[in-house]
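Spelled out from the first residue to the last, the chains are:
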Amino acid sequence: MELATKSRMFLDRLKVSKRAVLEYLDRKLPSTETVPGEKTEFLPNFCTGEVVFNVVVVAEMLAIVINLIIPRNFLSPTALQDLLLVSIFIQWVALAGTAVLCYTRRYLNRLPNLPALGLAYLLLLLTTFVVSECTVWLLWGIGRIQTARPAWYADFHILNLTISAIVNGLLLRLFLAKHELTQRTMSEARAKLQALQSRIRPHFVFNSLNIIASLTRSEPAKAEAAIENMADLFRMMLSQDENLVPVKNEIDVANKYLALEALRLENRLTVNWDIGKFPRKAVMPVLTLQPLLENAIRHGIEDLATGGVVDVRLWEENDRIYIRVSNPLPQVRSRPPKTMPGQSLENIRQRFQSHYGEEATLHSTEEDGRFTVTVVLPTRGGNP
C-alpha cells in the first residue's frame, strides 16, 4: 500500500510538471502555423500507424539479435523466456520513445532543424533512461532484486543508453530521410501542377480578351456585357483558395465562360447540360470544365458556319465523377495538326495525373462526326 501511495503521489506531481512545461513551451516557442510557400514541418508524424508498426518491427528484430548474443540462462531458464523478457523491455522503450516524439512533435517543429533534431535525439535517450530506471524499480517492487541499486545498476544504464544512442540515431535518420523524400515528392507534384495551371489560365485570359476585342467596335453593348461576365468569372476563380472545388462551383465558372462565348458566337453555339446529383464531398480541380468546353468550341463550333450543339453530361457513379463533353466536327479541318483536339487535351490530362495519379482517366473518341471527351475522376480530392 505504501508503494502504491508513493506511486500515485509521484504521478500527480508528474502531471502538474507536464502542464507547466507545456504552458511554458506554448509561451516561448513560435507558432507552427505557416503561410503557403514557407518551410514545411521538419520532423515526420510519429503518431501514424505506419511509423508505430515500423518501430515495433525494428524493436523486435533488435530483441532477437540481443537474445542471440546474451549467454544462455542469463535472465531465465529458457531461451524463449529470455526472448520474451528482452522483447517486453525493448518494446516498452521503443513505444515510449515514439509516444514522446508524437506528443512533442508540434513543439519540436517550431525550432530550427538542427536544434529540433538534437532535442528529439536527447528525448529518446532520456526516455530510455527513464524506462530503464522504472524497470529497476519495478523489479525491486515485486521482490526480484533486493535493492533499488544493485551491483549491475550502472552497467545496466550504460548498456541501454549505448544501444539506444546507436539504434535511435539510425532510426531517426531513416525516418527523416523518408519524410524528406515524401515532402520533396509532394513539392515537385505541386510545382508541376502549378506550372500546368499557369499554362492553361493565361490562354483562357487571352481568349476572353479576344472575345471582348472582337465585340468592341461592332457590338459595344455586348462588349460591355462581356466585360461584366469576365469580371464575375475572374472573381469566382480568384475566390477559390484551394486546388479542389465543389462540382457546383466548377459548373458556375463554366456557365460564365459560355456566356462570354455566346456573345461572340451568338446563335451558332448551343449547349445542352445534363447534370446528375452529386454528394457534398464531390470535388474536382479548379478549371476542369472550362478547358474541356473551350476545346469543344475551338475545334468544333468555331469551324462550322452554322455552329452546332455541345452536349455536356456530368454524373456520379460508384464514387467516381463522370464528365462527358461532345461536339460536332467540321468536314474539312482548316487548322494545322499542332492544334488538333487530342493535343489540346494533354495539359488537362497531366493536371489530372498530378492530382489523382492513375485513378483519373481522360479518353477521347471520334465517331459519326462528333468528338467526345470522357473524364473519370475520384469523388474525393487527390494529394496536392
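Trainee: Now, about the overall build of the chain: what can you tell me, with residues and values included?
Mentor: The helix and strand tally for the chain stands at 10 helices and 7 strands. Per-residue burial over the chain gives 37% buried out of 384 residues. Put simply, of all contacts in the chain between residues at least 6 apart along the chain, 74% involve residues at least 24 apart. Accessible surface, the chain as shown: approximately 22,600 Å² in total, 61% of it carbon and sulfur.

Trainee: Residue-level account of helix 8 (residues 289–301), with values.
Mentor: Think of an α-helix as 3.6 residues a turn; residues three or four steps apart then line up on the same face. The terminal C-alpha atoms of helix 8 lie 17 Å apart, and with 13 residues this matches the ideal 18 Å at 1.5 Å per residue to within 8%. With 12 of its 13 residues buried, helix 8 lies for the most part within the structure. Among the residues of helix 8, Leu289, Gln290, Pro291, Leu292, Leu293, Glu294, Asn295, Ala296, Ile297, His299, Gly300 and Ile301 are the ones counted as buried.

Trainee: With reference to specific residues and values, describe the pattern of salt bridges.
Mentor: Counted by the stated rule, this structure contains 4 salt bridges. The salt bridge involving Arg313 is made with Asp274; its shortest N-O contact spans 3.7 Å. Taken together, the residues Arg313 in strand 4 (residues 308–317) and Asp274 in strand 2 (residues 269–275) connect sequence positions 39 residues apart. In this structure, Arg370 engages Asp311 in a salt bridge whose closest nitrogen and oxygen atoms are separated by 3.4 Å. One end of the pair, Arg370, is in strand 7 (residues 370–378); the other, Asp311, is in strand 4, and 59 residues separate them in sequence. When its relative accessible area of 24% is taken as the criterion, Arg370 is described as partly exposed. Given a relative accessible area of 31%, Asp311 falls into the partly exposed group.

Trainee: Explain the nonpolar core to me, and be specific about the residues and the numbers.
Mentor: Soluble globular proteins tend to pack their nonpolar side chains together in the buried interior. Core analysis: the biggest nonpolar cluster contains 34 residues, and Ile323 and Leu377 have the highest contact counts within it. The contacts of Leu377, once residues within four sequence positions are left out, are Met284, Pro285, Asp319, Arg320, Ile321, Ile323, Phe352, Tyr356 and Ala360. Phe46, Phe89, Leu101 and Val136 belong to the second largest nonpolar core, which has 25 residues in total.

Trainee: Could you give me a rundown of the state of the cysteines, with the residues and numbers involved?
Mentor: One pass over the full model with this rule turns up 1 disulfide. Between the sulfur atoms of Cys47 and its disulfide mate Cys102 the distance is 1.7 Å. Taking the sign of the S-S torsion, 105° for the link of Cys47 and Cys102, the bridge is right-handed. Placement of Cys47 in the loop between helix 1 (2–28) and helix 2 (49–69) and of Cys102 in helix 3 (residues 79–108) is noted, with a sequence separation of 55 residues between them. Judged by relative accessible area, Cys102 falls into the partly exposed class, the value being 26%.

Trainee: Which residues make up unusual backbone geometry, and what values go with them?
Mentor: Of note, Asn318 is a non-glycine position whose phi angle comes to about 55°, a positive value. Looking at the secondary structure, you find Asn318 in the loop between strand 4 and strand 5 (320–328). We classify Asn318 as exposed; its relative accessible area is 66%.

Trainee: Report on the sheet that holds strand 7, specifying residues and quantitative values.
Mentor: Pairing within the open sheet is mixed, and its 5 strands lie in the order 2-4-5-7-6. Every other strand in the sheet has two partners, leaving strand 2 and strand 6 (361–367) as the edge strands with one partner each. Adjacent strand axes in the sheet meet at a mean angle of 15° when their direction is disregarded. Sheet analysis places strand 4 next to strand 5, joined by 7 bridges and oriented antiparallel. The residue bridging Val312 from the neighbouring strand is Val325, located in strand 5. Lying on the sheet, helix 10 (residues 346–356) is in contact with strand 6 and strand 7; it crosses strand 7 at an angle near 10°.

Trainee: Break down the environment of Ile212 for me, with residues and values.
Mentor: With respect to the helices, strands and loops of the structure, Ile212 is situated in helix 5 (residues 153–216). Sequence separation between Ile212 and Arg264 is 52 residues, and the spatial gap between their C-alpha atoms is 8.2 Å. Not counting chain neighbours up to four residues away, the residues in contact with Ile212 comprise Ala223, Ala226, Ile227 and Met230.

Trainee: Describe the packing of aromatic side chains, listing the residues and the values that go with them.
Mentor: Taken as a whole and judged by the stated rule, the model has 4 aromatic pairs. Judged by centre distance (5.6 Å) and plane angle (80°), the ring pair of Trp152 and Phe156 falls under edge-to-face. With centroids separated by 5.1 Å and ring planes inclined at 10°, the aromatic side chains of Trp315 and Tyr322 adopt a geometry described as stacked. Across the pair, exposure class does not vary: Trp315 and Tyr322 are buried alike. One Lys or Arg, Arg313, reaches over the ring of Trp315 and ends 3.9 Å from the middle of that ring.

Conventions used here
- Residues numbered from 1 in each chain as written.
- Predicted model: local features only at pLDDT ≥ 70, side-chain atom pairs only at ≥ 80, totals over all residues.
- Heavy atoms only, no water.
- Helix = DSSP H or I, 4+ residues; strand = E, 2+ residues; numbered from the N terminus.
- Buried < 20%, exposed > 50% of the residue type's maximum accessible area, 1.4 Å probe, protein only.
- Contact = heavy atoms within 4.5 Å.
- Areas by Shrake-Rupley, 256 points an atom, 1.4 Å probe, with all protein chains shown as cover.
- Expected span 1.5 Å × (residues − 1).
- Salt bridge = Lys/Arg side-chain N within 4 Å of Asp/Glu carboxyl O.
- Core = buried A, V, L, I, M, F, W, Y, C linked by side-chain atoms within 4.5 Å.
- Disulfide = S-S within 2.5 Å.
- Pairing = 2+ DSSP bridges.
- Axes fitted to C-alpha atoms, helices over the stretch in contact; angles between N-to-C directions.
- Phe/Tyr/Trp six-rings, centres within 6.5 Å; stacked < 30°, edge-to-face > 60°.
- Lys NZ or Arg CZ within 6 Å of the ring centre and 35° of its normal.

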